[in-house]
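Fold and geometry: a report
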Amino acid sequence: MHLAFWRDLLLLLEGSLDIHAISLWVEPLVPLLLDDEMLVLQAPNGVHRHIVEERYIGTVQRAARALSGRAIRIDLVTAEDIGIDVTDPGESPGPPRRRSRPAPPSLNPSYTFGTFIIGRCNRTAFHAASSVVAQPGKKHNPLFVTGGVGLGKTHLLQAIGASLGSRPGSRCIYIPSDQLMDELMEAFQNRTIGVARRKFTSATLLLVDDIHFLSGKNQIQEEFFHVFNILHGKGYQIVLSSDRPPKEIPRLQRRLVSRFQSGSVVELKPPGLNTRVSIIKAKAEQLGIELPHEAVTLLASRIRTNIRRIEGALNRIAAFYRLSGRAVSPRLVHELLRDRLFDGDDDAVTIRRIQTTVADHFGLKMAALLGQGRKGDVVLPRQMAMYLCRTMLNSPYADIGAAFSGRDHATAIYSFRTIEQLRRRNSEMRETLDEIVTVVSS
Ligand code: ADP
Ligand code: MG
């Protein structure tokens, strides 16, 4: 999809740029990502990127706007920035391959930029992190990443560590703050604080995860303040994560709050439906399980606020799949995950919610959607609503039928099958269902 857009963009540029400039500077860029707000292009190297930024980016941006009808931001990265391999430049631009060199110790090798799925919820944080890798110690120092549990803070910190830590001359320290506290406490007790301080101040990249645990620990905060100032003074990069922004961390010294927010504070938000679907598909593929579309929808619409829980659910499915060899049906997913499908009941999807969303979508009154009318403009929405009750809630057919003015289970089954067949054949049906699922789950 983005390759076609890129090809059209190159053609369009011929109207405004010299053909040699296009072939020398623009054509070698590889489109990595396109969504409705931005286009990420990979330049062959830093010099190339710089020249494109200086001379051509405005023209490319205008052309992208003309082509798509909306403002599109253009981000240029190099392979180095995002930690991917470019050993075979002749190859067509496929999914970026990951570097094979070993990650620095104590980092989880699967936490890289290559495995991080980007969506609206984390795009700003992702770009700040990749710009730290492009120019450590410059634009975002410190980079302070906030976000709730399981939203990717550790993943992002370690991705920075993996990319920068393997560069010659770099000394990367990744440490969760509770471990930092243990080390410093022990050093105080053993009177070896000088040694500990030297260790941390000799890093060129210091990543401290979950810094909010320093709350109320005055002596540790004091020591960390010195370490921070020394590294920052030398222009070395510091990256911190926390479950909340610096000024909301209780009992954190004011001077630390102000240091922590002196660079960039970026937030990881809970993923939207589309991002959850992408994450589920990517992880299922990594685990080697084939998930039917309905099972993906079921998982994505039920687990909303914690990516770690999505992984937990998939691991459970994968284990069952390996042991039983049974195909993964939505019913099976539902059974396996009965106790972990809800992220909180207040916003749980219900049959009622599906019905009202479908009625709104088609501009129908509820009475018409649920009533006895047989005209095409109510029958199809009604069947779609029943279909969604089945795929999103896995409700028994008898319950679904009953919720539609006391219809029987055979009607619900028939509706489900009709829509399922249409969905397979008709992309408009797929898109409409996806739109409704998005609204129901938002
Ligand atoms: P946090 O540190 O914020 O609690 P983690 O970084 O430990 O969260 O993320 C929880 C799990 O979810 C990890 O296994 C991580 O790889 C995965 N994860 C989080 N965000 C993403 C993402 N955008 N793409 C892919 N996996 C993700
Ligand atoms: Mg974490």
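This text follows the structure it describes.
Scope of this entry: the structure provided in the associated data block. (Residues numbered from 1 in each chain as written. Chains lettered and ligands numbered in written order. Predicted model: local features only at pLDDT ≥ 70, side-chain atom pairs only at ≥ 80, totals over all residues. Heavy atoms only, no water.)

Let us now look at the site of ligand 1. Around ligand 1, the surrounding shell holds 17 residues, and the nearest of these are Ile117, Gly150, Thr154, His155 and Glu311. Measuring from an oxygen atom of ligand 1, one finds a side-chain N or O atom of Thr154 at 2.8 Å. In this structure, Arg308 approaches ligand 1 through a side-chain N or O atom, which is 2.8 Å from an oxygen atom. Expressed as a share of its isolated accessible area of 550 Å², the protein-covered part of ligand 1 is 95%. Among the secondary structure elements, those contributing two or more residues to the shell around ligand 1 are α6 (153-165) and α13 (307-324). Residue composition of the shell around ligand 1, grouped by class: six nonpolar, seven polar and four charged. (Near = heavy atom within 4 Å. Polar contact = N/O pair within 3.5 Å; in protein donor to acceptor, adjacent residues only side chain to side chain. Areas by Shrake-Rupley, 256 points an atom, 1.4 Å probe, with all protein chains shown as cover. Helix = DSSP H or I, 4+ residues; strand = E, 2+ residues; numbered from the N terminus. Nonpolar A, V, L, I, M, F, W, Y, C, P; charged D, E, K, R; others polar.)

A few words on the packing of helix α8 (residues 193-201) against helix α9 (residues 218-233). Taken N-terminus to C-terminus, the directions of α8 and α9 make an angle of 40°; their axes are 9 Å apart at the nearest point. Between α8 and α9, the interaxial angle falls into the category oblique. The element α8 and its partner α9 pack so that their crossing is right-handed. Two secondary-structure elements touch here, α8 through Ile193, Arg197, Phe200 and Thr201 and α9 through Glu223, Val227, Ile230 and Leu231. A class-by-class count of the residues in the contact of α8 with α9 yields five nonpolar, one polar and two charged. (Axes fitted to C-alpha atoms, helices over the stretch in contact; angles between N-to-C directions. Parallel < 35°, antiparallel > 145°, perpendicular 65-115°, else oblique. Left-handed = near helix turned anticlockwise from the far one by under 90°. Contact = heavy atoms within 4.5 Å.)

Residues Leu291, Leu299, Ile317, Ile354 and Leu388 are the most contacted members of the largest nonpolar core, which totals 50 residues. With 10 residues, the top contributor of residues to this core is helix α17 (residues 376-393). The next biggest cluster of nonpolar side chains, apart from the first, holds 27 residues, and it includes Leu206, Phe228, Val257 and Phe260. (Core = buried A, V, L, I, M, F, W, Y, C linked by side-chain atoms within 4.5 Å. Buried < 20%, exposed > 50% of the residue type's maximum accessible area, 1.4 Å probe, protein only.)

A separate point is the side chain of Glu223. Along the chain, Glu223 falls in helix α9. Among the polar contacts listed, one links the side chain of Glu223 to the side chain of Arg197, at a separation of 2.6 Å.

Orientation of helix α15 (residues 351-362) relative to helix α20 (residues 427-441), taken along the N-to-C sense of each, is 125°, at an axis distance of 10 Å. Between α15 and α20, the angle is such that the two are oblique. The crossing of α15 and α20 is right-handed. Contact residues: Arg353, Ile354, Thr357, Val358, His361 and Phe362 in α15; Thr432, Glu435, Ile436, Val439, Val440 and Ser441 in α20. Residue composition of the contact of α15 with α20, by class: six nonpolar, four polar and two charged.

We now examine α9. Its 16 residues place the ends of α9 22 Å apart at the C-alpha level, agreeing with the 22 Å of an ideal helix rising 1.5 Å per residue. On its buried side, α9 packs onto α7 (177-189), α8, β6 (205-209), β7 (237-242) and α10 (254-260). At the exit of α9 stands Gly235, carrying a positive phi of roughly 80°. (Expected span 1.5 Å × (residues − 1).)

Spatial strand order, β1-β2-β3: three strands in an open sheet with mixed pairing. In the strand order of this sheet, the two ends are held by β1 (30-34) and β3 (73-78), each with one partner. The sheet shows a mean angle of 25° between the axes of neighbouring strands, direction not considered. Sheet topology places strand β2 (residues 38-43) next to β3; six bridges connect them, and they run parallel. For Gln42, the partnering residue across the bridge sits in β3 and is Val77. Each of β2 and β3 is contacted by helix α3 (residues 46-68), which is oriented at about 160° to β3, the strand it contacts most. (Pairing = 2+ DSSP bridges.)

For the rest of this paragraph, the subject is the sheet that holds strand β8 (residues 264-268). As summarised here, the arrangement of the five strands in space is β5-β6-β7-β4-β8, forming an open sheet in which the pairing is parallel. Lying at the two open borders of the sheet, with one neighbouring strand each, are β5 (172-176) and β8. Going from strand to strand, the sheet's axes swing by 15° on average, the running direction of each strand aside. The pairing of β6 with β7 spans four bridges and is parallel. Paired with Leu205 across the bridge in β7 is Gln237. Strand contacts of α6: β4 (143-147), β5, β6, β7 and β8, with the helix running at about 165° to β6, the strand carrying the most contacts. Seen against the sheet, α7 touches β5 and β6 and runs at an angle of roughly 100° to β5.

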